[in-house]
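Summary of structural features
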Amino acid sequence: MAAMQNQFVSFRPRCGLVAVCGAAVLLGAGGVASGQTLDPAEPIAYQPIAIDFASGEVLSETSSDPSPFLDRRLQVMFTAPDGRAFDVPGFFAGDGTGATATSFEGDVWRVRFTPDEPGEWSWSASFRGGEDVAVELDAGAGSPLAFDGASGVFTVDAPDADAPGFFAKGRLDYVGEHYLQFRDGSYYIKGGADSPENWRGYIGFDNTFNGGRGPGTPSGLHEFAPHVMDWNPGDPDWDRTDPPMASAGRGVIGALNYLEGQGINSIYFLPMNTGGDAQDTWPYVGPINPNGAGGNDNVQFDISKLAQWDIVFNHAQAKGIKLHVVLNEAEQPNKRELDGGALGLERRLFYREMVARVGYQNALTWNISEEYNLGGPVFSVDAVKEFAAYLSAVDPYEHPLTVHNAGNPFNPASGPWAPFIGEHDFDMTSLQRARQVDGWDTAVADYRAFTADQGRPLGVHIDEPGSITRDVGRNFDEVRRRMMWDILLSGGGVEWFINDRDQSLEDFREFEQVWRETTVARRFIEDHLPFWIMSPNSDLVSGEDGQWGGAVVFAPTDGAGPIGVYLPDANPSGSIDLSSYGSRSAQLRWFDPRLGEFVGDARTEASSSSVPLGEPPSMSNEDWALLITPTPCAADLDGDGELTLFDFIEFQNLFDGGDLDADFDGDGVLTLFDFLEFQNAFDAGCP
């Protein structure tokens, strides 16, 4: 049991773990098992728990009659304090030791779950047997076995605001808006890495070998040797067992540490690239022909490898890095690897196992396929929708789901992503146009507007704009000036594709400027703009240099709040229409996108339909950003943007406390005249 617990506590010393061993032996009537172990004494909201059951039937990951993956099915219904129910798939865990040599055989069944609110939760287990019962959605399929009907309760503590990464934020959800939202109420802007797509093809994972197309390392697999130095004492690690290797996790764990240090918050990867580009990643125990073959065994899963993957996934979550799980690759052999490209037994089982073993993570998005429409009619639009419907039915968390396209996506009404707009199972875009460097601000704006008009606003994620090497000649300043701010300040998210490192990237430091400057742009938006209620509006700026599309403008939908402006070339900078500010003046501050800081003094301008942006403090021919904010409304003392009774209460508190912020007539003393002046300001209202 200690080995399993370590997988969960790797991100923090206090992570909830529930272990239940055998309903028939340990469960009392109407209660939790007497042998239940809670660490801490109560689970914590937004942090994972595990429940283990002993079936009394010893099976192996290579057993076929019965198969623990196909012919047995564990589902656990978790019921929240408010009555919401989560029907969570469990999985065969061998002997329960996880990432060890012995884990392949045993009678342990495990379910992982992340409660999303404090209070008393209840659970009830369904354990069924029967031919291929695992991929059936009918709760009554098969026959009850062993601990079927076991139940219990546990109490969940409030979220821990000091927990690392996403364990403090809770699940990332689609909420019917242009940005995904965490359970703590904060919104998410994606700034991530699209390469290497095969970072699961790592030397430290069991049963992982070079299929002939991986990185040019001595092993032919990812080693991330430059990032071993980024691993820190206390970080998770493991010893690979097949073949043996001590301290096997340090390269990949160190790489995540480095990316977190640069502010990267999403990483794209394939859990199965058989027949694809790198041919070094699969969740199966094998034997596997990495070229893709009809004879591959795609129904028996490698328990220790998946446990090692899970350690890395947990660390990514602790580091604030979202998991972008891409379930198929563009190449035809990969698309045909499961069921010849259909929704058959292999694909349904693959989806179920991924949900059971990975789906409990807070920040995770599913992607049905890279470039679904590339390489002939392997995945039709109808097939993609069918895949998405099954995956959505299996996933109790309703993680955001998408599919990636090839080709020109710039017309949302007719491009290759158009068939998925308005569909219930698709919660965000995943747009690519290989080699395209310019015009992304317009594309993001068009998709935001079109999806909203269709009644289902989507987050616009650009998951492969022009390559940051091939398509800009490795000029990373052009990445910033032509793509980065265009995408992010128009209300989108981005993951960067590196064509010549898409399978071979070993040292993320090679592209440090891009990672760092992406984070600069993202945090400019997060720290200074109410971006979730803003829209792209480049028409507000005129007369600027039109190079690379001219100004990018992100403005509040109601017209009265802060505005972000980006100028790829600030000479001339042009002027901006601030007539929406009414009688309130505006403060303008220049922001250096290279340094990530404000430069020079702020200046105040009277609002009008044409306010000069002025000259930046230096290097006027370079790119610059501006933050424009209306001067505060004098009577809005509680700062909520509205004039209400609470502003009177705040004024009274200031006055009673002798605070000169209540000196509305400006004479340096607090008198009845300040009440009169405050009343006049309140009556004048806010524009």
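The structure displayed is predicted, hence computed values, not measured ones. In every chain, residue numbers begin from 1 and rise along the written sequence. Residues qualify for local features only when their pLDDT is at least 70, as the model is predicted, and side-chain atom pairs are given and counted only at 80 or more; totals for whole chains, interfaces and linings, by contrast, use all residues. Side-chain metrics in this entry use all non-hydrogen atoms of the structure; hydrogen atoms and water are not considered.

**A look at the environment of Phe 387**
Secondary structure elements are defined from DSSP: runs of H or I of at least 4 residues count as helices, runs of E of at least 2 residues count as strands, and each element is numbered from the N terminus. Structurally, the position occupied by Phe 387 is in helix α7 (residues 381–394). Exposure categories follow from relative accessible area, calculated using a 1.4 Å probe and restricted to protein chains: below 20% of the type maximum is buried, above 50% is exposed, and the middle band is partly exposed. When its relative accessible area of 0% is taken as the criterion, Phe 387 is described as buried. Separated by 36 residues in the primary sequence, Phe 387 and Tyr 351 place their C-alpha atoms 9.0 Å from one another. Working rule for contacts: check all heavy atoms of both residues, and any pair within 4.5 Å makes them a contact. Non-local contacts of Phe 387, meaning those with residues more than four positions away in its chain, are made with Gly 341, Ala 342, Leu 343, Arg 347, Tyr 351, Ile 368 and Phe 379.

**Topic: the packing of helix α3 (residues 250–262) against helix α10 (residues 512–528)**
What counts as an axis is a line fitted to C-alpha atoms, over the stretch in contact for a helix, and the angles between N-to-C directions run from 0 to 180 degrees. Where α3 meets α10, the axes come as close as 8 Å, and the angle between the chain directions of the two elements is 45 degrees. Put simply, α3 runs oblique to α10. Every residue of α10 that contacts α3 at Tyr 258, Leu 259 and Gln 262 is listed here: Glu 512, Trp 515, Arg 516 and Thr 519. Under the grouping applied here, Gly and all other residues not named as nonpolar or charged are polar, the nonpolar ones being Ala, Val, Leu, Ile, Met, Phe, Trp, Tyr, Cys and Pro and the charged ones Asp, Glu, Lys and Arg. Looking at side-chain class alone, the contact of α3 with α10 contains three nonpolar, two polar and two charged residues. Here roughly perpendicular refers to angles of 65 to 115 degrees, roughly parallel to angles under 35, roughly antiparallel to angles over 145, and oblique to all remaining angles.

**With respect to the nonpolar core**
Membership of the largest hydrophobic core comes to 145 residues, with the highest contact counts inside it found for Phe 53, Phe 78 and Trp 515. Here the element with the most residues in this core is helix α4 (residues 303–318); it accounts for eight residues. Val 553, Val 565, Tyr 581 and Ala 586 belong to the second largest nonpolar core, which has 20 residues in total. Note on terminology: a nonpolar core comprises buried Ala, Val, Leu, Ile, Met, Phe, Trp, Tyr and Cys residues joined through side-chain atoms within 4.5 Å.

**Considering the sheet that holds strand β11 (residues 172–173)**
Here, strands pair whenever DSSP counts at least two bridges between them. Reading across from one edge, β11-β12-β13 is the order of the three strands in this open sheet, with antiparallel pairing throughout. This sheet does not close on itself; its edge strands, each paired only once, are β11 and β13 (187–188).

**Considering the packing of aromatic side chains**
Any two rings among Phe, Tyr and Trp, with Trp reduced to its six-membered ring, count as a pair given centres within 6.5 Å; such a pair is stacked if its planes are under 30 degrees apart, edge-to-face if over 60, and tilted if neither. Summed over all chains, the structure comprises 55 aromatic pairs. Taking the centre distance of 5.3 Å and the plane angle of 85 degrees together, the rings of Tyr 372 and Phe 420 count as edge-to-face. You can see Tyr 372 sitting in the loop between β19 (364–367) and α7 and its partner Phe 420 sitting in the loop between β20 (401–402) and α8 (440–453), a full 48 residues away along the chain. An aromatic cluster is present here, built from Trp 199, Tyr 202, Phe 205, Phe 224, Trp 238, Phe 269, Trp 309, Phe 313, Phe 508 and Trp 515 joined pairwise through their rings. The positively charged end of Arg 200 is found above the aromatic ring belonging to Trp 199, 4.1 Å away from the centroid. The ring centre of Phe 598 lies 3.8 Å from the NZ or CZ of Arg 589, which sits over that ring. The criterion is that NZ of a Lys, or CZ of an Arg, lies within 6 Å of the ring centre and within 35 degrees of the ring normal, and then a charge sits over that ring.

**Re the side chain of Thr 274**
Positionally, Thr 274 belongs in the loop between β17 (266–269) and α4. Note on Thr 274: relative accessible area 0%, which makes it buried. Sequence-distant contacts of Thr 274, that is, excluding residues within four places in its chain, are made with Thr 281, Trp 282, Ile 288, Asn 289, Pro 290, Gly 292, Asn 296, Pro 333, Asn 334 and Glu 337.

**Section: the pairing of strand β8 (residues 119–129)**
Note that strand β4 (residues 72–79) and β8 share eight bridges and pair antiparallel. Paired with Met 77 across the two strands is Ser 124, which belongs to β8. Summarising the sheet, β8 and strand β10 (residues 151–156) pair through six bridges and their orientation is antiparallel. In the sheet register, Gly 119 faces β10, and the bridge partner there is Val 156.

**Structural notes on the sheet that holds strand β26 (residues 563–567)**
Taken in spatial order, the six strands make up an open sheet running β23-β25-β26-β31-β28-β29, and their pairing is antiparallel. Looking at strand neighbours, the two that pair on one side only are β23 (534–536) and β29 (597–605), the edges of this open sheet. For this sheet, the mean inter-axis angle between neighbouring strands, taken without regard to orientation, is 20 degrees. In the sheet, strand β28 (residues 586–592) pairs with β29 via six bridges, with the strands oriented antiparallel. Bridge pairing in β29 links Asp 592 to Glu 597. This element, α10, spans β26, β28, β29 and β31 (624–630) of the sheet and lies at about 5 degrees to β31.

**Quick word on a nonpolar patch on the surface**
On the surface, Leu 645, Phe 646 and Ile 649 cluster together into a nonpolar patch covering about 340 Å² of accessible area. Considering the arrangement of structural elements, one finds Ile 649 in helix α11 (residues 645–656). Ile 649 sits in the partly exposed class, given a relative accessible area of 39%. Put simply, a patch holds well-exposed residues, over 30% relative accessible area, that have no salt bridge, with like charges counted together within 9 Å and Val, Leu, Ile, Met, Phe, Trp or Tyr side chains within 5 Å. Under the convention used here, a 1.4 Å probe and the Shrake-Rupley method define accessible areas, while residue burial counts only the protein chains that appear. Here, a salt bridge means any side-chain nitrogen of Lys or Arg that lies within 4 Å of a carboxyl oxygen of Asp or Glu.

**What about helix α6 (residues 345–358)?**
In this model, α6 (14 residues) spans 20 Å end to end at C-alpha, consistent with the 20 Å of a helix rising 1.5 Å per residue. Extensive coverage of α6 is indicated by the burial of 12 of its 14 residues. Among all positions of α6, only Glu 346, Arg 347, Leu 349, Phe 350, Tyr 351, Arg 352, Glu 353, Met 354, Val 355, Ala 356, Arg 357 and Val 358 are buried. Here the expected length of a helix is defined as 1.5 Å per residue gap, with one fewer gap than residues.

**Thoughts on the confidence of the model for the protein**
For any part of a model where pLDDT is low, the fine detail of the predicted coordinates should not be relied upon. Per-residue confidence for the protein averages 91 on the pLDDT scale, and 93% of its residues sit at or above 70. pLDDT runs from 0 to 100 and stands for how confident the predictor is about each residue. The model gives residues 1–40 a pLDDT under 50, and that stretch makes 100 contacts with residues more than four places away or in other chains.

**Some points on α10**
Taking 1.5 Å as the rise per residue, α10 with 17 residues should run 24 Å; its terminal C-alpha atoms sit 24 Å apart, in good agreement. For α10, the complete set of buried residues consists of Val 514, Trp 515, Glu 517, Thr 518, Thr 519, Val 520, Ala 521, Arg 522, Phe 524 and Ile 525.

**Re the pattern of salt bridges**
Here the structure, examined in full by the defined rule, presents 36 salt bridges. The partner of Arg 84 in a salt bridge is Glu 117, with the nearest N and O atoms 2.9 Å apart. With Arg 84 in the loop between β4 and β5 (85–89) and Glu 117 in the loop between β7 (105–113) and β8, this pair connects stretches of sequence that are 33 residues apart. Notably, a salt bridge pairs Arg 482 with Asp 438, separated by 2.6 Å at the nearest N-O pair. In this pair, Arg 482 sits in helix α9 (residues 476–488) while Asp 438 sits in the loop between β20 and α8, placing the two residues 44 residues apart along the sequence. With relative accessibility at 27%, the residue Asp 438 sits in the partly exposed group. Look at the salt bridges and you will find they share partners, linking Asp 82, Arg 84, Asp 116, Glu 117, Arg 171, Asp 173 and Arg 183 into a network.

**Observations concerning the side chain of Ser 467**
Note that Ser 467 resides in the loop between β21 (460–462) and α9. For Ser 467, a relative accessible area of 0% translates into the label buried.

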